[in-house]
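Overview (structure and organization)
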Amino acid sequence: MINRRTFSKAVGLGTGAAAVTLSGLQNNASAATASHKPGGAPVPTVPAVTPGTHTGFSTLKQVKAGVLDVGYAEAGPAHGPVVICLHGWPYDIHSFVDVVPLLADQGYRVIVPYLRGHGSTSFLSHRIPRTAEQSAIALDIIALMDALKIEKAVLAGFDWGSRTADIIAALWPERVKALVSTSGYLITDRKAQLEPAAPAVEHNWWYQWYFASDRGKKAMEDVDKRIALCRYTWTLVSPNWNFDDATFLRTAEAFKNPDYAAIVLYNYRWRIGLIEGERRYDRYEKQLAAQPNINVPTITLDAALDPFTPPGDGSAYRGHFTGAYEHRTITNIGHNLPQEAPTAFAQAVVDVDHF
């Protein structure tokens with residue numbers, strides 16, 4: 001999940017931003033209003049799809065990249081412009097199961113990797129520490145791009161995926177054509193994480209404190225208990241999403257990865273300062289502690305029903321985005337935005353690619 005932080009509900013956008021409020025309940029209409037390139041040419045409109053229309057991916061692949069053997073879904077023309085979609089916790093590549101065909105039909109080559117500790121992604125050696133610093137996960141995606149010979153891509157994500165995309169856009173902007181970041185700027189400030197938040201905010205982060213305990217550790221290390229915990233989390237953070245058993249169980253297969261518990265526990269314990277990261281990542285974490293700005297073209301999305309990111313105008317993080325920028329709030333949608341509102345998410349990718 002995202003950082004332990006709050007977002008302002010102040011009225012009005014920062015300078016240069018445009019607010020768009022979109023319905024997440026798409027039927028036979030486009031998720032976005034018509035938009036145009038600076039020269040006046042219309043941006044393609046993504047056709048609406050009912051969430052849950054697709055249940056799987058036609059092509060799943062593996063590639064050795066960095067310290068991992070990465071499992072990923074791929075669709076679209078092999079030489080099309082690349083979009084990399086990045087999932088969060090507790091989710092997997094199926095968060096983009098309806099987004100991928102929409103983008104592939106627009107001519108994009110779409111890559112959706114399992115993050116470390118998820119699905120068919122595995123470590124190349126048992127000697128590699130099962131760590132999950134924010135920069136480590138970002139470097140996994142850089143290594144994936146190198147392995148697939150992808151020089152530059154549009155990055156689009158939510159939760160851990162947004163953070164990862166934000167980090168790459170901030171530290172390696174030459175690899176990012178444009179960015180779609182759900183919940184805005186999510187680069188973790190570990191020092192800020194040490195300070196107490198408002199009681200209601202702390203209540204939302206119950207699972208972080210649970211994972212910090214021996215009881216939480218035991219729950220995560222038991223496959224059945226971890227799957228039950230993840231399902232319960234889905235119901236809390238997406239109160240409007242009536243997913244069925246089959247939808248959850250398709251994703252839950254990714255939680256059976258033997259490194260899943262270690263990676264999830266490490267990430268959350270590291271974020272709140274309970275453990276130190278590996279020294280190899282120190283230089284990157286020092287850069288990220290400075291909360292670097294992001295200069296690539298960006299659309300930020302807020303899900304109106306997500307308890308972690310109250311709907312608003314994005315002003316709380318607007319100052320971190322210094323390039324072409326737009327903010328959108330997606331109504332009636334919870335935390336798993338791309339799976340709950342695939343047309344709105346896909347349209348944001350197409351639109352930001354035409355900034």
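Please refer to the structure higher up on the page.
Here the structure is a predicted model, which means the values were calculated and not measured. The written sequence of each chain sets the order in which its residues are numbered from 1. Where totals are concerned, whole chains, interfaces and linings use all residues; where local detail is concerned, this predicted model gives features only for residues with pLDDT of at least 70, and gives and counts side-chain atom pairs only at 80 or more. Note: side-chain values were computed over all heavy atoms of the structure, leaving out hydrogens and water.

With that settled, the discussion passes to the overall build of the protein. Helix and strand assignments follow DSSP, with helices taken as H or I runs no shorter than four residues and strands as E runs no shorter than two, numbered in order from the N terminus. From N to C terminus, the protein includes 13 helices and 10 strands. Throughout this description, buried means an accessible area under 20% of the type-specific maximum (1.4 Å probe, protein chains only), exposed means over 50%, and partly exposed covers the range between. Evaluated residue by residue, the protein yields a buried proportion of 58% over its 355 residues. In the protein, the share of contacts with a sequence separation of at least 24, taken over all contacts with a separation of at least 6, comes to 80%. Accessible surface computed for the protein: about 14000 Å², of which carbon and sulfur atoms make up 53%. Residue contacts are counted whenever heavy atoms from the two residues lie within 4.5 Å of one another. Surface exposure here means Shrake-Rupley accessible area, sampled with a 1.4 Å probe, where a residue is shielded only by the protein chains that are shown.

Taking 1.5 Å per residue, 12 residues should reach 16 Å; helix α3 (residues 160-171) reaches 16 Å between its end C-alpha atoms and fits that length. Most of α3 is tucked away, with 12 of its 12 residues classed as buried. Those residues of α3 not exposed but buried are W160, G161, S162, R163, T164, A165, D166, I167, I168, A169, A170 and L171. At its buried positions, α3 is contacted by β4 (82-86), α2 (134-147), β7 (153-157), β8 (176-182), α10 (260-271) and α11 (282-289). Given the number of residues in a helix, its expected span is that number minus one, multiplied by 1.5 Å.

So, about the side chain of T182. Mapping T182 onto the fold places it in strand β8. Accessibility expressed as a relative area gives 1% for T182, which makes it buried. Side-chain atoms alone can form a polar contact between residues adjacent in sequence; in general such a contact is a pair of N or O atoms within 3.5 Å, and within protein one must be able to donate a hydrogen while the other accepts it. Looking at T182, its side chain comes within polar contact range of the main-chain oxygen of G157, at 3.0 Å. When residues no more than four places from it in sequence are discounted, the contact partners of T182 are G157, F158, S162, L301, L337 and F345.

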